[in-house]
Amino acid sequence: MEIYRLPARSDNYIFVLYNPSNRTAAVIDPADAPPVLTKLDQLGATLVTIFNTHHHNDHVGGNRELLERFPEAEVYGGAEDQGRIPGQQHYLRQGDRVTFAGRPAEVFFVPGHTRAHIAYYFLPERSGEPGELFCGDTLFAGGCGRLFEGTAEQMTISLGKLRQLPDNTRVWCGHEYTLNNLKFALSVDGENAELRSRLDKTTAARQQNQPTVPSLLAEEKATNPFLRWDSAALQAVAQSQDAVTVFGRIRSMKDNF
Ligand SMILES: [Zn+2]
């Protein structure tokens, strides 16, 4: 399975999965159809699957146009998103499995950003190789999605599910927000040397207009304040040792950053 990252709109990423053995493709969160169609044409690929993580227009905006060109493509999304994702035919829940190119992906129900959000975790092809996590607007490189339809408690549980995946998991999130996320992270976790060096690396990458997605889950666990509710530094900032309270206070600070 090959993975292509397509920039879209001001800061979105669309991901195309490609199976060269039969020239089929899947797309994850097509904000818009044109960049996807261009990529499919380049590959000479037939689109067979659309995987959506949640109903926001910058993640499903291209569904209709892609279905006009590939009417046989099947559309997957969260069970709770029924009626909100154009063309949706499959309604996924926690623990469901989907496959592409013979590769199984586990579905995680991760409400918080929206009440219906799901993530797709493609298991490693062989042991020791990385799994691929497509997490939409739940976990970002250095941050997490805003709480539009869910609570801090839901998001803490959702991020907790993703946090227990293997360290070498690659995190393919839906937006290039990393630099700003890490600037905020440093404001609440200033003694974190790994975070400081990640911010330097990210600053340099963004100056060259290089993408920072995917990131590594190990790096997120070490530097992303929204996975670090059990670190003493963040507990001190939030003045609490309760996971949900720490997460919720740090999230509110980020909303006002
Ligand atoms: Zn969203």
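Everything here concerns the structure above.
This report concerns the structure included in the present document. The structure presented is a predicted model; accordingly, all values stated were derived computationally and were not measured.

## A few points about the coordination of the zinc ion
Here's step 1: Ligation of the zinc ion by protein atoms is provided by H54 (NE2), H56 (ND1), H113 (NE2) and D137 (OD), these donors lying 2.2 to 2.3 Å from the ion.
Here's step 2: Relative to the metal, the four donor atoms surrounding the zinc ion lie at angles of 91 to 169°, and the coordination shape comes out irregular.
Here's step 3: All donors of the zinc ion belong to a single chain; written as a sequence motif, their spacing is H-x1-H-x56-H-x23-D. Of the two residues, H113 is situated in the loop between β8 (103-109) and β9 (118-122) and D137 in the loop between β10 (132-136) and β11 (139-140); the sequence distance between them amounts to 24 residues. Here H113 and D137 have matching classes, each one buried.

## As for the packing of aromatic side chains
Here's step 1: Taken as a whole and judged by the stated rule, the model has 12 aromatic pairs.
Here's step 2: On the numbers, 5.5 Å between centres and 55° between planes, the contact of F15 with F134 is tilted. Of this pair, F15 sits in strand β2 (residues 12-19) while F134 sits in strand β10, and the two are 119 residues apart along the sequence.
Here's step 3: Judged by centre distance (6.2 Å) and plane angle (10°), the ring pair of F184 and F226 falls under stacked. With F184 in helix α5 (residues 178-188) and F226 in the loop between α7 (217-223) and α8 (232-238), this pair connects stretches of sequence that are 42 residues apart. Here the two residues F184 and F226 agree in accessibility, since each one is buried.
Here's step 4: Within the aromatic cluster, the residues linked to one another by ring pairs are Y13, F15, F51, Y76, Y120, F122, F134 and W172.
Here's step 5: Sitting over the face of the ring of Y4, K39 holds its NZ or CZ atom 4.2 Å from the ring centroid.

## Points about the packing of helix α4 (residues 152-163) against helix α9 (residues 243-255)
Here's step 1: At a minimum axis distance of 9 Å, the contact between α4 and α9 shows a crossing angle of 105°. It follows from the interaxial angle that α4 and α9 lie roughly perpendicular. Where α4 approaches α9, its residues A152, E153, M155, T156 and L159 are matched on the opposing element by A243, V244, F247 and G248.
Here's step 2: Partitioned by chemical class, the residues of the contact of α4 with α9 number six nonpolar, two polar and one charged.

## Concerning the pattern of salt bridges
Here's step 1: This model, assessed by the stated rule, comprises 17 salt bridges.
Here's step 2: Among the salt bridges present, the one from E80 reaches R93, with a minimum N-O distance of 3.5 Å. Linking E80 in the loop between β5 (74-78) and β6 (90-92) with R93 in the loop between β6 and β7 (97-100), this pair joins segments that are 13 residues apart in sequence.
Here's step 3: Residue classification places E80 among the partly exposed positions, given a relative accessible area of 38%.

## Details of unusual backbone geometry
Here's step 1: Cis peptide bonds are those with omega within 30 degrees of zero, and the linkage from V213 to P214 qualifies with 10°.
Here's step 2: Counting through the fold element by element, P214 comes out in the loop between α6 (193-207) and β14 (215-216).
Here's step 3: Of note in the backbone geometry, D29 takes a positive phi value of approximately 55° without being a glycine.
Here's step 4: Tracing the sequence through the fold places D29 in the loop between β3 (24-28) and α1 (34-43).
Here's step 5: Judged by its relative accessible area of 3%, D29 is buried.
Here's step 6: The phi dihedral of Q239 falls on the positive side, at around 55°, and the residue is not glycine.
Here's step 7: Inspection of the secondary structure assignment puts Q239 in the loop between α8 and α9.

## Some remarks on α9
Here's step 1: Given a rise of 1.5 Å per residue, 13 residues ought to cover 18 Å, and the 18 Å separating the end C-alpha atoms of α9 matches this to within 8%.
Here's step 2: Looking at α9, one finds that the buried residues are V246, F247, G248, I250, R251 and K254.
Here's step 3: Those residues of α9 that are buried lie in contact with β12 (143-144), α4, α5 and α8.

## Some details on the environment of V246
Here's step 1: Position of V246 among the secondary structure elements: in helix α9.
Here's step 2: V246 gets classed as buried once you look at its relative accessible area, which sits at 1%.
Here's step 3: When the C-alpha positions of V246 and S231 are compared, they lie 9.7 Å apart, and in sequence the two are 15 residues distant.
Here's step 4: If we skip the residues at most four places from it in the chain, V246 touches W229, L234, Q235, A238, S240 and Q241.

Analysis parameters
Residues numbered from 1 in each chain as written. Predicted model: local features only at pLDDT ≥ 70, side-chain atom pairs only at ≥ 80, totals over all residues. Heavy atoms only, no water. Donors = N, O, S within 2.8 Å, 3.2 Å for Na, K, Ca; no water. Tetrahedral: all angles 85-135°; square planar, octahedral: opposite > 155°, others 65-115°. Helix = DSSP H or I, 4+ residues; strand = E, 2+ residues; numbered from the N terminus. Buried < 20%, exposed > 50% of the residue type's maximum accessible area, 1.4 Å probe, protein only. Phe/Tyr/Trp six-rings, centres within 6.5 Å; stacked < 30°, edge-to-face > 60°. Lys NZ or Arg CZ within 6 Å of the ring centre and 35° of its normal. Axes fitted to C-alpha atoms, helices over the stretch in contact; angles between N-to-C directions. Parallel < 35°, antiparallel > 145°, perpendicular 65-115°, else oblique. Contact = heavy atoms within 4.5 Å. Nonpolar A, V, L, I, M, F, W, Y, C, P; charged D, E, K, R; others polar. Salt bridge = Lys/Arg side-chain N within 4 Å of Asp/Glu carboxyl O. Expected span 1.5 Å × (residues − 1).

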